[in-house]
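Analysis of the macromolecular model
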Amino acid sequence: MLQSPSAPSTPQPKPGVMAISPYVPGKSTAGPNVTVHKLSSNESPLGPSPRAVETLTRLGPQLAFYPDPSATVLRGAIGRRYGLDPARLICGAGSDELLSLVAHAYLGPGDEAVYSTYGFLVYRIAILACGATPVIAAEKDYTADVDALIGAVNARTRIVFLANPNNPTGTYLPFDEVKRLHAALPPTCLLVLDAAYAEYVQRNDYEAGIELVAGNHNVIMMRTLSKIYGLAALRIGWAYGPPGVIDAMNRIRGPFNMNAAAIAAGAAAIDDQAHVEQARAHNDLWLPKLTKALSELGLHVTPSVGNFLLIHFPLTTGRTAADADAFLMARGLILRRVDGYGLPAALRLTIGSDEQNRLVVSALTEFMST
Ligand SMILES: *Cc1c(COP(=O)(O)O)cnc(C)c1O
């Protein structure tokens, strides 16, 4: 076979792939001989619904059979709970899969997709994986800025990704602002509203986006059972979107993308809203308490409406985020480094159990006073 001298001698990934910085998940191991408290991935300290767990135990005899390719039981449960037409719902292996599907259905080389400076990093990965160009809009006070997002949109923009509330900052946009953003988008540009933390938000001016999806052809809302539902291990996400967008995503997904355990246990979890209510009450108690306790130590905490806090550390040697991380790790307390977000001076703390929250406060009190 003829080859020019400059031709590569190994298979080459398509353009964009090697520009991806791999996603760095929250750590789950600390030093030797310490009890690990994993507060790095925004998982629920209350765990899953007992009804979901009980449903899983009955699944054994079914494991030889392929799952329902349409996840009918799960879409039915979501539809009933949220008052949505199941035909306009799609489920995925976490909302991560849905973000990837929507990107692959709408983005290619030459296309642009917009997100904000501290926006969830999975967007960047999904955009680059499609060979498309990420465009970053500046934030104000660690909060998405609608004017900047609108300013970043042009004729090549196919998608605007907005996490509301956003991870890792914990900040949110009021619904009026989301509507203002949508109103400024061309009808060919899709607005992806990632509402992974919607259930935690206790603000009158917040909406996850159901109303906006219902009335438009270019808005899709994504949700997950990984956070307040405490089912991260099963990988369950869902999206409510316009029929055309759901159709496009269904065409490119794996035919059996949802496994049988996720379908059955997910539906049981959706039906157990009492459990969700407990998790919300726990968060309502600790979110202000931890914010106050950490602020009183002289740390700056970005006001959060989610189940986690972005804590900013001093730049002085011995007091930095890296120093705090090492100090906490030695005590088994694993927080999330957010250097990958361009936030090397901060750590993200997931609100844990009563005991874990007390341990974090006392460890950081010691850290800040030594
Ligand atoms: C956790 C998270 C998700 C969902 O993750 P999955 O486990 O894949 O459902 C989506 N968006 C944001 C902003 C998140 O923090």
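Rules behind the numbers
Residues numbered from 1 in each chain as written. Predicted model: local features only at pLDDT ≥ 70, side-chain atom pairs only at ≥ 80, totals over all residues. Heavy atoms only, no water. Near = heavy atom within 4 Å. Polar contact = N/O pair within 3.5 Å; in protein donor to acceptor, adjacent residues only side chain to side chain. Areas by Shrake-Rupley, 256 points an atom, 1.4 Å probe, with all protein chains shown as cover. Nonpolar A, V, L, I, M, F, W, Y, C, P; charged D, E, K, R; others polar. Domains from an automatic or database assignment. Contact = heavy atoms within 4.5 Å. Salt bridge = Lys/Arg side-chain N within 4 Å of Asp/Glu carboxyl O. Helix = DSSP H or I, 4+ residues; strand = E, 2+ residues; numbered from the N terminus. Buried < 20%, exposed > 50% of the residue type's maximum accessible area, 1.4 Å probe, protein only. UniProt positions renumbered as here; feature names shortened; annotations may be inferred. Core = buried A, V, L, I, M, F, W, Y, C linked by side-chain atoms within 4.5 Å. Pairing = 2+ DSSP bridges. Right-handed = clockwise from strand over helix to strand, strands pointing away.

Side note on the site of the ligand
Residues in close proximity to the ligand include Gly94, Ser95, Asp96, Phe120, Asn167, Asp194, Ala196, Tyr197, Thr224, Ser226, Lys227 and Arg235, which together make up its full environment. Within the backbone of Asp96, an N or O atom sits 2.9 Å from an oxygen atom of the ligand. Take Thr224: an N or O atom from its side chain is 2.6 Å from an oxygen atom of the ligand. For the ligand, the accessible surface in isolation is 390 Å², of which the surrounding protein chains cover 94%. Tallied by class, residues from the shell around the ligand come to three nonpolar, five polar and four charged.

What about the domain arrangement of the chain?
Split into domains, the chain comes out as domain 1 (17-47 + 274-369) and domain 2 (50-272). Relative to domain 2, the C-alpha centre of domain 1 lies at a distance of 25 Å. Listed per partner, the contact involves 32 residues of domain 1 and 30 residues of domain 2. Taken together, domain 1 and domain 2 are joined by zero salt bridges. Of all the elements, helix 10 (residues 273-296) adds the most residues to the side of domain 1 that touches domain 2, at seven residues. Considering only residue class, the side of domain 1 that touches domain 2 consists of 14 nonpolar, 14 polar and four charged.

Brief notes about the pattern of salt bridges
Evaluation of the coordinates by the stated rule reveals 16 salt bridges. With a shortest N-O distance of 4.0 Å, Asp271 and Arg80 are connected by a salt bridge. A residue pair is termed long-range when its members are at least 10 positions apart, and Asp271 in the loop between helix 9 (260-270) and helix 10 and Arg80 in helix 2 (residues 72-82) qualify at 191 residues. Given a relative accessible area of 38%, Asp271 falls into the partly exposed group. Since its relative accessible area comes to 60%, Arg80 is described here as exposed. Salt bridges sharing partners connect three or more residues here, namely Asp147, Glu177 and Arg180.

Digging into the UniProt feature "modified residue: N6-(pyridoxal phosphate)lysine" (unreviewed entry) in the chain
As recorded in UniProt, the sites labelled "modified residue: N6-(pyridoxal phosphate)lysine" (unreviewed entry) are Lys227. Lys227 gets classed as buried once you look at its relative accessible area, which sits at 13%. The contact partners of Lys227, leaving out residues within four places of it in the chain, are Ser41, Asn42, Ser44, Ala196, Tyr197 and Tyr200. A polar contact of 3.1 Å, which involves the side chain of Lys227, links it to the side chain of Tyr197.

So, the environment of Tyr200
Topologically, Tyr200 is positioned in the loop between strand 8 (190-194) and helix 7 (210-214). Classification of Tyr200 as buried rests on a relative accessible area of 3%. Not counting residues within four places of it along the chain, the set of residues in contact with Tyr200 comprises Lys227, Ile228, Ala279, Asn283, Asp284, Val305, Gly306 and Asn307. Looking at Tyr200, its side chain comes within polar contact range of the side chain of Asn307, at 3.4 Å.

So, the nonpolar core
The biggest cluster of nonpolar side chains holds 62 residues, and the ones touching the most others in it are Leu74, Val160, Leu191 and Trp238. If you tally residues by element for this core, the top one is helix 9, at seven residues. Leaving out residues up to four positions away in the same chain, Trp238 has contacts with Ile78, Tyr82, Leu84, Leu89, Ile90, Cys91, Leu98, Met221, Met222, Arg223 and Leu225.

With respect to the pairing of strand 7 (residues 157-163)
With six of seven residues buried, strand 7 is to be regarded as a mostly interior element. Here strand 3 (residues 112-116) pairs with strand 7 via three bridges, running parallel. Its bridge partner being in strand 7, Glu112 is matched across the sheet by Thr157. As paired strands, strand 7 and strand 8 are joined by five bridges and run parallel to one another. Bridging across to strand 8, Val160 finds its partner in Leu191. For the segment spanning strand 7, helix 6 (residues 175-184) and strand 8, crossover handedness is right-handed.

Focus on the side chain of Asn218
Considering the arrangement of structural elements, one finds Asn218 in the loop between helix 7 and strand 9 (219-224). Of the polar contacts made by the side chain of Asn218, one reaches the side chain of His182; its length is 2.8 Å. Side-chain polar atoms of Asn218 contact the backbone oxygen of Cys189, separated by 3.0 Å. Setting aside chain neighbours within four positions, we find Asn218 in contact with His182, Pro186, Pro187, Cys189, Leu190, Leu191 and Pro242.

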